[in-house]
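Descriptive analysis of the structure
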Amino acid sequence: MADARIAPASEPGAPVAPGAPNSSRPDAAASLHRRRKFAPSLTAGLVMGGALVLVAILAPIVLGSAAETLGGGSRQSPSPEHLLGTDALGRDVFARSLVATRLTLLMATGATAISVVGGVLIGGLIWLAPRRFREVVLRIIDATVAFPALVLALVIAAILGAGAGPALIAIGVAGVPAFARLTSNMVAGIAHRDYVTTARLLGVPGFRLFSRHLLPNISGPLLVLTTSSFALALLEIASLSFVGLGVQSPQFDYGQLLSDGLVAIYSQPWQAIAPSIMLIYAGIAAMLIGDGLAQTLDPGLRAVKRRARLVPSRRDTAIPAAPAALLEVRDLHVYAPNGAELVKGVSFAIDRGKVLGLVGESGSGKSMTAMAVAGLLADGVRAEAEQLRLDDMDLARRNDPKRLALEIGLVYQDPGTTFNPALRMGVQLAEVARIHMGLGKRDARKQVEQSLDRIHVRDPETRVRQHAFQWSGGMLQRATIAAATLPEPKLIIADEPTTALDVTVQAEVLRQFRRINRDRGTAMLFISHDIGVVQELCDEVLVMRSGQIVERLSGDALKSGRVVHPYTQQLLDASPRMDDPIVAREPLEAPPVNASSDRSTIEATVEGGTHV
Amino acid sequence: MTAQDLLPRPGDPTQHIATVADGRRRGAAWMRSDWAAFALRRLGGLVLSVGLLVLGVFLIVPLIPGDPAVAMLGTNATPEAIAALRARLGLDQPLWAQFVDFVGGLLRGELGSSFRYGVPVTDIIATKFPYTALLALGSIVIVIVVAIPLGMTVGVLTRGGRRGVLSTAFGAIAGFLASFPAYVAGTLLVIIFAIWLRVLPAGGVTTPGFWVLPIAALALGPTFAVARVVRQETYTVLQQDFMRTARGRRLRAIRLYLVHALPNLMTSTLTLTGLILAGLIGGTIIIETVFSYPGLGLEVVQSIIYKDYPTIQGIILVIGLLAILINLLIDVVLGLIDPRTLGGGHDG
């Protein structure tokens, strides 16, 4: 029955997700106070729950006697007098189903209180204890959590015997380990934050540290968890009563009523249906409250998204039969899901064999431009263009996947996340060759191994059988580039390909791009926030800011510092290399054998990049 | 929820760095040593889990409030009978000696004799275990076979806000069905299929049809709970960078989802599902009462009511071991799907 404990926590990035002891949670708690916009499910859950509480309060007062009065005939069918008939002792089943609410809710509340208080105290206070002790306790909690809560409850029920009190304690205690684990996870996320460390250094006593500095910051997720724990406790206590280990006659809760109903299930099924409906109703109310709380605390969960679209804005211009430029982008607009315009009418063209650099600070729209060209915008992001064309292929339309795969090579920013962690590298690198170039498994693998060999990856036969996590970032990125060039694409789109790499690897990757462009004449759209990186590689550079192109420069103009726009000048100033004569730097490095001027300048550039 | 912290986040850069650093070993050697490390680490956890289980089960009798012998025999028993029982159960010995005796018995495969039936507890378990195992494994298979394709299909169809109606409908229906506890689902299934439609039997073990309703009742809630998890994980996986890479390779939908998304989905789903499935073992205990199903669950409940402590201890031990076994199996499957989990990086 651990499922109910899990389900709410599994909601998207739910604030209860303990695996990510990160920043979002403590802030989520605060956001409840800031924006009191309740999620619809929270409202629905609170209304349903409120009605249940009302029934729990009123039913024993109004219907108490009807529920317990004997006589009126045993096992009667439903009648206006007894809406759901009577049980074996002639008591009104409808009244009993409502009256049982009070005991059921009270017991669930008691058990939840035990779970929450016990779990929060254990899970929180161990962070004030010595490290070794904490780890021992955590291991024990981990081992306990692996057992179904009901098994733990049975152990306690076996010790204490059958009865309402024992069932309450059993379910309450059985919920403690899970709560302790979660509290501990959440506290772990904030235990080393500055404000906690400061409080500790100021000598705030242990329990006060816990109650004033730790607890309030995890209260949001705890509240969500308490709700789901309550639902679970309610159903579990009822299940103990149902099998005869919980509430004993003459007391009655939902579980016991269900057990009574089961006896006569063939003749009077409604007697079992009534408590079933009550149990489900209570469970759903608690679930709605839990889900709604999670959404209210973390409004990001409710974000509505639309699918990515690429809409040609005006189709009045026919595509020229013999296009001059290889890639032509005219009046490209990209809109975020919320309607914000991320790219505001960008136009550029890339000739065959040329490298176009797109620079600008993060958020300037350069990656959006690149992904719009590649047709890989995220869900909800929308693009419009007057013209979006690669050679004779209209990129604003749906195209043959094979052509897209073979004609556009893609290199992404972070090689660590670009590869599928579950698949072997060989499979991923050879995929385009296998699927779109029609190569057999062996041929495709051989091609990949050869291309790895060309970029000096040792032992490629072994490497292709490994997973991405076994490769270094630089090797992954160089392999990405090598694989992207395998089908001889017309255009390579490289989206910040050096940003996630360290400096020496950056130089290597840039050399690889330069070599591909020189040897194969592949055109490139090269995106970077570092103007120093692009200026050596690119024939032309576009400077983007806030979704617009603010300056177009030739590579030479950029190199000699002939820039007009002050923003470009700022970017250049941020890259100290311009004022550094390359010659002065050269003695610092061992001159590479057969060093062309290209190569050494790239290295100098990259070195300059470290200061940024 | 506890499973959340076991989740390896696909493409988690910190995990990547950590594993690259110690994952420099090559070829078959790394395979072996990773699995060896996994076995060693898992063995530690296993010993602890089994140890806690044995300790917990042992403590049932000493922790009984008052005199356990009186609790077993009732307050009307003669002092002689109580003294005799105390001597027989070793209750007059110090606690540690009782524990040594208990563990010694376990190692010899002895669980004592049932107070109620006078037969060895091992015999009772041997008779009842197959029924419970059938119930548990049957419903686990159903849950996995139904929930993963269902959740993933809905996840793919409704990704990025597509098909809002389907998304809402699935959320509502799955949420509704996931909140059915097994015993309520069982009761309602009996009413619908055995009483109203008269198509399936509700009691007796004579026909295979008998297993259908208990398994369906057990699997119903977890199936939709897992399907919800799978849908959510599908969204998460589809947003990962490596899925964009795969889209950039312009793969057909079937390859995109089955080859690229599914394995990553399985890692997180199985970690979460492990607890749901272990919890399903708990559900069998209760569901057996609904169907008068002659398994361990019905027996242990009766034993608690009749204070048949040796039987209680034996059955809880077996059910606990079953839960441990399922957890272990899931870890092994996870290791096969995603070798990163072997390193214990997901241990939080």
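Parameters and conventions
- Residues numbered from 1 in each chain as written.
- Chains lettered and ligands numbered in written order.
- Predicted model: local features only at pLDDT ≥ 70, side-chain atom pairs only at ≥ 80, totals over all residues.
- Helix = DSSP H or I, 4+ residues; strand = E, 2+ residues; numbered from the N terminus.
- Buried ≥ 20, exposed ≤ 12 C-beta atoms within 10 Å, placed from the backbone.
- Contact = placed C-beta atoms within 7 Å.
- Bend = angle between axes of the 7 residues up to and from the residue.
- Pairing = 2+ DSSP bridges.
- pLDDT = per-residue confidence, 0-100.
- Axes fitted to C-alpha atoms, helices over the stretch in contact; angles between N-to-C directions.
- Core = buried A, V, L, I, M, F, W, Y, C linked by C-beta atoms within 7 Å.

So, about the overall build of chain A. Along the backbone of chain A there are 27 helices and 12 strands. Residues counted as buried form 53% of the 612 residues belonging to chain A.

The next subject is the overall build of chain B. Of the regular secondary structure elements, chain B holds 13 helices and 0 strands. Ordering the α and β elements of chain B from the N terminus gives α-α-α-α-α-α-α-α-α-α-α-α-α. Looking at chain B as a whole, 45% of its 348 residues qualify as buried. Here the contacts in chain B between residues at least 6 apart in sequence split such that 74% fall between residues at least 24 apart.

Let us look at helix H3 (residues 40-68) of chain A. Residues and elements named next belong to chain A. When the local axis directions of H3 are compared, the greatest deviation, roughly 60 degrees, occurs at Val 62. Every buried residue belonging to H3 is among Ser 41, Leu 42, Gly 45, Gly 49, Val 55, Ala 59 and Ala 67, and all of these are buried. The elements touched by buried residues of H3 are helix H4 (93-125) and helix H13 (270-297).

Moving on: the pairing of strand S11 (residues 540-545) of chain A. Residue and element names in this part refer to chain A. Among the 6 residues in S11, 6 count as buried, and that is most of the element. Of the two faces of S11, the one holding Glu 540, Leu 542 and Met 544 and the one holding Val 541, Val 543 and Arg 545 are both buried throughout. The sheet contact formed by strand S4 (residues 355-359) and S11 spans 4 bridges and is parallel. Bridging across to S11, Leu 356 finds its partner in Glu 540. Pairing of S11 with strand S12 (residues 548-554), which is carried by 6 bridges, proceeds in the antiparallel orientation. In the strand pairing of S12, Val 543 is matched with Glu 551. Once S11 ends, the chain turns through 2 residues before running back antiparallel as S12, passing Ser 546 with a positive phi of about 50 degrees.

So, on to the confidence of the model for chain A. Detailed reading of the predicted coordinates is not advisable wherever pLDDT is low. Residues and elements named next belong to chain A. Mean pLDDT over chain A stands at 79; residues scoring 70 or higher make up 83%. Considering only residues more than four positions removed or in separate chains, one finds that residues 313-322, a stretch of pLDDT under 50, has 9 contacts. For the stretch residues 578-612, pLDDT sits under 50, and the model shows 47 contacts to residues farther than four places along the chain or on other chains.

A separate point is the sheet that holds S11(A). All names here are of chain A. One open sheet holds the 6 strands; their spatial order is S8-S9-S10-S4-S11-S12, and the pairing between them is mixed. Both outer strands of the open sheet, strand S8 (408-411) and S12, are each paired with one neighbouring strand and no more. Taken pair by pair, the neighbouring strands of this sheet meet at an average axis angle of 15 degrees, ignoring direction.

A few words now on the nonpolar core. Judged by nonpolar contacts, the single largest core of 166 residues is most densely connected at A:Ala153, A:Leu154, A:Ala157, A:Ile237, B:Ile316 and B:Ala323. Among the elements that make up this core, the one with the highest residue count is helix H11 (residues 253-290) of chain B (16 residues). Each residue touching A:Leu154, except ones within four places of it in the same chain, is listed here: B:Ile285, B:Val300, B:Ile304 and B:Ile316. Ranked by size, the runner-up nonpolar core spans 86 residues in total, among them A:Leu377, A:Leu491, A:Ile492 and A:Ile531.

Moving on, we get to helix H12 (residues 254-263) of chain A. In terms of burial, H12(A) is a largely internal element, 9 of the 10 residues being buried. Inspection of H12(A) places A:Tyr254, A:Gly255, A:Gln256, A:Leu257, A:Leu258, A:Ser259, A:Asp260, A:Gly261 and A:Leu262 among the buried residues, and these make up the whole buried set. Next to the buried residues of H12(A) lie H4, helix H11 (219-243) and H13 of chain A together with helix H8 (182-196) and H11 of chain B.

Residue and element names in this part refer to chain A. Relative to the elements of secondary structure, His 436 occurs in the loop between helix H18 (431-435) and helix H19 (441-454). The class of His 436 is partly exposed, set by 19 C-beta atoms lying within 10 Å. With 88 residues separating them along the chain, His 436 and Phe 348 place their C-alpha atoms 29 Å apart. Ignoring sequence-local partners within four residues, the contact set of His 436 consists of Lys 402, Ala 405, Leu 406 and Pro 487.

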